[in-house]
Amino acid sequence: MPSVRPGGERAPGALRSEPGSLLEHVSVAVLGIGEDDEICFWGPGAQDLFGYDTQTVLAGPAGILFTGEPDGDGDGPQATAARLAARGRTGYWRGRLPVRHRDGTEFSCGFRVFPVAGSSGRSVVLGLASPSAELDRVKDNLAFLDALFEACPIGLVMLDDELRYIHLNQALADMDGLSIEEHIGRRVDEVMVTSDGGAYERTLRTVASEQRPVVGALVGLRTAGYPDRDQVRSVSFFPLSGAVGTRSGLGGLMVDVTDREQAIREASASRRRLGLLDRAAARIGTTLDLDVTAQELVDAAVPEFADASVVEIVEWMDESLPFLPEWPLTTCRIASGTVLPPPATAVVSGLDRMTYPPGSAIHRMMSTGRPLCVTINDEFMTRTIVDEERARLLRQSGLECLLIAPLAARGTVQGLTMFGRSAARPAFTDDDLSLAAELASRAAICLDNARLYRQVQDIALTLQRALLPSALAVSPHVEVAHRYVPGSRITEVGGDWYDVIGLPGGRVALVVGDVMGHGVPAAAAMGRLHISARALARHKQEPDELLAELDICAQDAGIELATCLYIVYDPATGRARIANAGHPPPLVLHPDGTVHAIAEVLGVPLGVGGHLFATTEVELPDDAVIALYTDGLIETRGRDIEEGMALVSAELHGSSGGLEDTVERILTRLLPHPPGDDTVLVLARVRRSR
């Protein structure tokens, strides 16, 4: 066991550190003490640790290495060396002693001494010395690593080049549901089962081959220990081959984030549901039209919530009667939509009227009053779909499940809505049932408002039509064509009215009026004025007197504002006497094609009171056409009254057919679609009596 050679050349000895071993991280001095307590071997590490070269210390007293001053009473450095050697000759001993560097620096060293046989047969004490500070550091690191593997809640693992387990902690074993011993030697794919087509294993091999770590990757998996439990883990891996002399492979950390990811997914789903509800609230109920509102519900749900949706209104025989589950249920489908290809389109929109037999899924939903999720299978087809052709189309539509929710508001079930999903989407969950219930509840209020409005509108329209003349007066000298066009379902019924009244002496009265306002009150007010005007026409000779009486009637009835145009034509003279209470002036089409307005007597509307009305007289040639109308014809959004009158005049000027054709053409060309207001148009061709 040679020491450092003369000249400082270091010869290989029996004890030397292998690269990457623990001795690379801790300075180790190797020295030998002979029988006379002198230094008989001095290794390279000893020279580095104590600072003395071989020539200085070989054959010299070992006390040079220890602290204190040399003395003769046995308590100095040499005595310390002697005691160390004596312990080494009796067997293995380890401990710490204070030592001194050649430069005078004192520090603590850990010694391990034991006897060996020298080359000459003499006994030699071999000593291994390391700085105590380095020993403490390594000891602390090892203690930390041991504690880390023992108590760390994060899964720790070491894999070899073939991705086999060589070391892991208990936390990872618990995650996998297998013991540590059951892991060792097995490949990763024998313990962890992923559904990513091998992407996880390829990632691990990339880390090993490219020496590039991966941090925080999310992996969905199941394990051999928990084959029925889905897990999500955050994994980080780094190469081990970067440490010189260590075993090549991978080191990894794994954290089970299944609960966290589930919470994130649930929070994300909740945000999506709230977002859908917010958007639906903004989109549903923009009008009071029942069909439009139902379609808004469908459009809000498809495709964000479902692949298909329908809205159906129940046709109750009597809404006051309770639902009877033993009776068939008939509904009217008023809205539908789908993003699926045919035949799904035919399934959702092929029929307007549906009949469901007792025991159907619809009956079950109606009985509980709560949303219901059903799978489209043979049982559903048998119990719910009566028509075989409809059942066949439904099977081919791609729809896999339905969510059926009632449309109930103000204690009344108006109908139902259905949402359908294909196999490409996940099945409906309990959260989806809650969302559908909220959607249906919000939509039901809007639908009920539209339904009630439609009822009121129908009442007003029925009342108005009942009060309009069913048969106009017939005269050989006055040919009349007339139309009443109600406003669309989006607008309320107005108070437009008209009449043609036969008077004594062959005279004919033409009257048109408009009560400001909408709905039943306007229709009722219109009826009062209409009836009053017909009664007064037979007793009042002058138009201005009739309007004065109508003004009093309007004030008595509380009608604040109404317009009226009253014309009396006498075929014996060919003259017409006209009075106007704030109504658009009549237009006259002459036989030569010219058109002019009679606007000389534009009085204040009825109901204002305190103003006199005037009568004007004009002569009308034979075959002249008088046009009476309400403001719905000439005044629309984006078009003022003057422009509207000019358009009517142009249409009259270009007319060449009969009065009926002219009426139809004017209404078709001038009214918007749908009409924004009620409209009356009366055309009267006059001729003198001979």
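Residues numbered from 1 in each chain as written. Predicted model: local features only at pLDDT ≥ 70, side-chain atom pairs only at ≥ 80, totals over all residues. Heavy atoms only, no water.

Mind showing me how you'd approach the environment of Ile-154 here?
Relative to the assigned elements, Ile-154 resides in the loop between α5 (132-151) and β6 (155-159). In this structure the C-alpha to C-alpha distance between Ile-154 and Met-175, which are 21 residues apart in sequence, comes to 9.6 Å. If we skip the residues at most four places from it in the chain, Ile-154 touches Asn-169, Ala-171, Leu-253, Met-254 and Val-255. (Helix = DSSP H or I, 4+ residues; strand = E, 2+ residues; numbered from the N terminus. Contact = heavy atoms within 4.5 Å.)

Please clarify how helix α11 (residues 290-301) should be interpreted in this entry.
Within an α-helix, residues lying three or four positions from one another point in the same direction, as the helix has 3.6 residues per turn. With twelve residues, α11 extends 17 Å between its outermost C-alpha atoms, agreeing within 8% with the 16 Å of an ideal straight helix rising 1.5 Å per residue. By the N-cap criterion, in which a side-chain oxygen at the helix start approaches the backbone nitrogen of a residue two or three places on, α11 is capped by Asp-289, the distance to Asp-291 being 3.1 Å. (Expected span 1.5 Å × (residues − 1). Polar contact = N/O pair within 3.5 Å; in protein donor to acceptor, adjacent residues only side chain to side chain.)

So what exactly am I meant to see when it comes to the side chain of Ser-397 here?
Along the polypeptide, Ser-397 turns up in the loop between α15 (388-396) and β16 (399-409). Separated by 2.7 Å, the side chain of Ser-397 and the backbone oxygen of Leu-394 make a polar contact. Reaching out from Ser-397, the side chain makes a polar contact with the backbone nitrogen of Leu-399 at a distance of 3.3 Å. For Ser-397, the residues in contact, after removing those within four places along its chain, are Leu-340, Pro-343, Ala-344 and Val-347.

When you look at the pattern of salt bridges in this model, what are you seeing that I'm missing?
When the charged atoms of two side chains with opposite charge come close together, those side chains can pair. Enumeration over the complete set of coordinates arrives at 35 salt bridges. Asp-431 is the partner of Arg-273 in a salt bridge, and the nearest nitrogen-oxygen pair spans 3.7 Å. Of this pair, Arg-273 sits in helix α10 (residues 258-283) while Asp-431 is found in helix α16 (residues 430-467), placing the two residues 158 residues apart along the sequence. The buried category is assigned to Arg-273, whose relative accessible area is 18%. Here the salt bridges share partners, and the residues they tie into one network are Glu-542, Arg-575, Arg-577, Glu-617, Glu-619 and Arg-688. (Salt bridge = Lys/Arg side-chain N within 4 Å of Asp/Glu carboxyl O. Buried < 20%, exposed > 50% of the residue type's maximum accessible area, 1.4 Å probe, protein only.)

Can you help me understand the packing of aromatic side chains in this one?
For any pair of aromatic rings, geometry is given as the distance between the ring centres together with the angle between the planes. All chains considered together, the criterion is met by five aromatic pairs. A ring pair is formed by Phe-66 and Phe-111, whose centres lie 5.8 Å apart and whose planes are at 40°; its orientation type is tilted. A residue pair is termed long-range when its members are at least 10 positions apart, and Phe-66 in the loop between α3 (54-57) and α4 (77-90) and Phe-111 in strand β4 (residues 106-117) qualify at 45 residues. This pair shows no difference in class: Phe-66 is buried, exactly as Phe-111 is. The rings of Phe-305, Phe-419 and Phe-428 are connected pair by pair, giving a single aromatic cluster. One cation-aromatic arrangement involves Arg-229 over Tyr-226; the distance from NZ or CZ to the ring centre is 3.8 Å. Cation over ring: Arg-421 sits above Phe-305, and NZ or CZ is 5.1 Å from the ring centre. (Phe/Tyr/Trp six-rings, centres within 6.5 Å; stacked < 30°, edge-to-face > 60°. Lys NZ or Arg CZ within 6 Å of the ring centre and 35° of its normal.)

Hey, could you run me through the nonpolar core in this one?
In globular proteins that are soluble, nonpolar side chains generally tend to be buried together. One finds Ile-284, Phe-305, Val-311, Leu-403, Leu-407 and Phe-419 to be the most contacted residues of the largest nonpolar core, which totals 33 residues. Secondary-structure elements contributing two or more residues to this core are α10, α11, β12 (308-314), β13 (329-338), β16 and α16. A total of nine residues in this core trace back to one element, the largest contributor, which is α16. Membership of the second largest hydrophobic core comes to 28 residues, among which are Ala-361, Ile-376, Ala-391 and Met-418. (Core = buried A, V, L, I, M, F, W, Y, C linked by side-chain atoms within 4.5 Å.)

Even after reading the chapter, I still don't get the pairing of strand β11 (residues 250-256), so can you show me in this structure?
The side chains of a regular strand alternate, residue by residue, between the two faces of the sheet. Two elements, β6 and β11, share five bridges in a ladder whose sense is antiparallel. Looking at β11, one finds that Leu-159 is bridged to Leu-250. Here seven bridges tie strand β10 (residues 231-239) to β11, and the two strands are oriented antiparallel to one another. Its bridge partner being in β11, Ser-234 is matched across the sheet by Val-255. (Pairing = 2+ DSSP bridges.)

Is there a simple way to think about the sheet that holds strand β25 (residues 616-619) in this case?
Across a sheet, strands are paired by hydrogen bonds formed along the backbone, either parallel or antiparallel in direction. Strand order in this open sheet of five strands is β19-β20-β21-β22-β25, and the pairing throughout is antiparallel. For this open sheet the edge positions go to β19 (495-502) and β25, each flanked by a neighbour on one side alone. When the angles between neighbouring strand axes are averaged without regard to direction, this sheet yields 15°. Direction of pairing for strand β21 (residues 562-570) relative to strand β22 (residues 575-581): antiparallel, over a ladder of seven bridges. Across the sheet, Leu-565 pairs through a bridge with Asn-580, a residue of β22. Along the sheet face, helix α18 (residues 543-557) touches β21 and β22 and points at about 25° away from the line of β22. (Axes fitted to C-alpha atoms, helices over the stretch in contact; angles between N-to-C directions.)

Would you mind going over the packing of helix α20 (residues 641-653) against helix α21 (residues 659-670) with me for this structure?
Contact geometry of α20 with α21 gives a least axis separation of 10 Å together with a crossing angle of 145°. The hand of the α20/α21 crossing is right-handed. Note on element contacts: α21 touches α20 through Thr-662, Arg-665, Ile-666, Arg-669 and Leu-670, opposite Gly-644, Leu-647, Val-648, Glu-651 and Leu-652. When its residues are assigned to classes, the contact of α20 with α21 shows five nonpolar, two polar and three charged. (Left-handed = near helix turned anticlockwise from the far one by under 90°. Nonpolar A, V, L, I, M, F, W, Y, C, P; charged D, E, K, R; others polar.)

For this particular structure, what's the right way to read the confidence of the model for the protein?
Keep in mind that low pLDDT regions are not for reading the predicted coordinates in detail. Residues with a pLDDT of 70 or more make up 90% of the protein, whose mean pLDDT is 85. Counted against residues more than four places away or in other chains, residues 5-21, with its pLDDT under 50, gives 17 contacts. (pLDDT = per-residue confidence, 0-100.)

How do you make sense of the sheet that holds strand β2 (residues 39-42) when you look at a structure like this?
With respect to topology, five strands assemble into an open sheet ordered β2-β1-β5-β4-β3, the strand pairing being antiparallel. The sheet is open, and its two borders are formed by β2 and β3 (93-100), each paired with just one other strand. For this sheet, the mean inter-axis angle between neighbouring strands, taken without regard to orientation, is 30°. Pairing of strand β1 (residues 29-33) with β2, which is carried by three bridges, proceeds in the antiparallel orientation. For Leu-31, the partnering residue across the bridge sits in β2 and is Trp-42. This element, α4, spans β1, β3, β4 and β5 (123-131) of the sheet and lies at about 40° to β4.

What's the story with unusual backbone geometry in this structure? I'm lost.
Across the chain, the bulk of peptide bonds are trans and the bulk of non-glycine residues have phi less than zero. Here the amide bond leading from Val-302 into Pro-303 is cis, since omega sits at 5°, within 30 degrees of zero. Looking at the secondary structure, you find Pro-303 in the loop between α11 and β12. The omega torsion of the bond from Pro-342 to Pro-343 falls at 10°, within 30 degrees of zero and hence cis. Considering the arrangement of structural elements, one finds Pro-343 in the loop between β13 and α12 (344-349).

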